[in-house]
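# Structural overview for review
Residue strings, one per chain:
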Amino acid sequence: MKVLMKRWGCGVLVGLLLTTSLVQAEPWKEDFDRLCSQTAVAEGLTVSELDSLTAACDRVMGDIEKSDSVEKKVYLFRLKKCRNLYSYLVEVKKVQGEK
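These numbers come from a predicted model, not from an experiment.

Right, let's talk about the confidence of the model for the chain for a bit. Averaged over the chain, the pLDDT score is 84; the fraction of residues at 70 or greater is 74%. Confidence drops under pLDDT 50 across residues 16-23; counting only partners more than four residues distant or on other chains, this segment forms zero contacts.

See the structure below:
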C-alpha cells in the first residue's frame, strides 16, 4: 500500500509540475508554431499571404525579444529562418509575375 501511495504521490507531483510549466508558457509560442508551420506549404501561397506571414513574423520577433525565456535565441533564429523563406518566395513570385 505504501508503494502505491508513493507512486500516486509522484504522479501528482509530476502532473502539477507539467501543469505549471504549461500555464507559464510564453504567449508567443502558439503564434510561432502557427507561423513556422506554414513553411511546408509556403510555395503554394499567394504574395499577399506571404506578406502577411512576413509581417506576423516581425510582430512575433518583437514579442520574443521582450521575453525572458532562456530559449529566446533558438526561437528567434528559427523564426528568422521562416521569415526569410517567406520574404524570398515573395521576391521570386514578383519576378515571375505572380500575385
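Now that the structure is up, let's keep going.
Under the criterion given, the structure shown has three salt bridges. Among the ionic pairs, K29 bridges to E71, the shortest N-O distance being 2.9 Å. A residue pair is termed long-range when its members are at least 10 positions apart, and K29 in helix α2 (residues 28-36) and E71 in the loop between α3 (47-66) and α4 (72-96) qualify at 42 residues. Of the charged contacts, one joins D31 and R34 as a salt bridge, the two residues approaching to 3.8 Å between their closest N and O atoms.

This brings us to the packing of aromatic side chains. We describe a pair of aromatic rings using the distance from one ring centre to the other and the angle between the two ring planes. Summed over all chains, the structure comprises two aromatic pairs. With 5.0 Å between their ring centres and 75° between their planes, W28 and Y75 make a pair best called edge-to-face. Placement of the pair is W28 in helix α2 and Y75 in helix α4, with a sequence separation of 47 residues. Since its relative accessible area comes to 3%, W28 is described here as buried. For Y75, a relative accessible area of 15% corresponds to the buried category. When the ring of F32 is compared with that of Y75, the centres are 4.8 Å apart and the planes differ by 85°; the resulting orientation is edge-to-face. A residue pair is termed long-range when its members are at least 10 positions apart, and F32 in helix α2 and Y75 in helix α4 qualify at 43 residues.

Right, let's get into the environment of E49. Inspection of the secondary structure puts E49 in helix α3. For E49 and V90, which are 41 residues apart along the polypeptide, the C-alpha to C-alpha distance reads 9.4 Å. A distance of 2.8 Å separates a polar atom in the side chain of E49 from the backbone nitrogen of T46.

What follows concerns the nonpolar core. Across soluble globular proteins, nonpolar side chains show a tendency to be buried alongside one another. Counting residues in each nonpolar core, the largest one holds 21 residues, and the members touching the most others are L35, L50, I64, L79 and Y86. Looking at this core, the element that brings in the most residues is α3, giving eight residues. Apart from residues lying up to four places away in sequence, L35 is in contact with L53, A56, C57, V60, L79 and Y86.

Below, the discussion takes up the side chain of K93. Note that K93 resides in helix α4. Among the polar contacts made by the side chain of K93, one reaches the main-chain carbonyl oxygen of E43 at a distance of 2.8 Å.

As a further point, take α3. With 20 residues, α3 should cover 28 Å at 1.5 Å per step; its first-to-last C-alpha distance of 29 Å lies within 8% of that length. Against α2 and α4 lie the buried residues of α3.

This part takes up the packing of α2 against α3. Packed helices, taken two at a time, are described by their axes: the angle between them and the distance between them. Their axes nearest at 10 Å, the elements α2 and α3 cross at an angle of 150°. Classed by the angle they form, the pair α2 and α3 counts as roughly antiparallel. Crossing of α2 against α3: the hand is left-handed. Judged by residue contacts, W28, D31, F32 and L35 of α2 engage L53, A56, C57, V60, D63 and I64 from α3.

Cut-offs applied
Residues numbered from 1 in each chain as written. Predicted model: local features only at pLDDT ≥ 70, side-chain atom pairs only at ≥ 80, totals over all residues. Heavy atoms only, no water. pLDDT = per-residue confidence, 0-100. Contact = heavy atoms within 4.5 Å. Salt bridge = Lys/Arg side-chain N within 4 Å of Asp/Glu carboxyl O. Helix = DSSP H or I, 4+ residues; strand = E, 2+ residues; numbered from the N terminus. Phe/Tyr/Trp six-rings, centres within 6.5 Å; stacked < 30°, edge-to-face > 60°. Buried < 20%, exposed > 50% of the residue type's maximum accessible area, 1.4 Å probe, protein only. Polar contact = N/O pair within 3.5 Å; in protein donor to acceptor, adjacent residues only side chain to side chain. Core = buried A, V, L, I, M, F, W, Y, C linked by side-chain atoms within 4.5 Å. Expected span 1.5 Å × (residues − 1). Axes fitted to C-alpha atoms, helices over the stretch in contact; angles between N-to-C directions. Parallel < 35°, antiparallel > 145°, perpendicular 65-115°, else oblique. Left-handed = near helix turned anticlockwise from the far one by under 90°.

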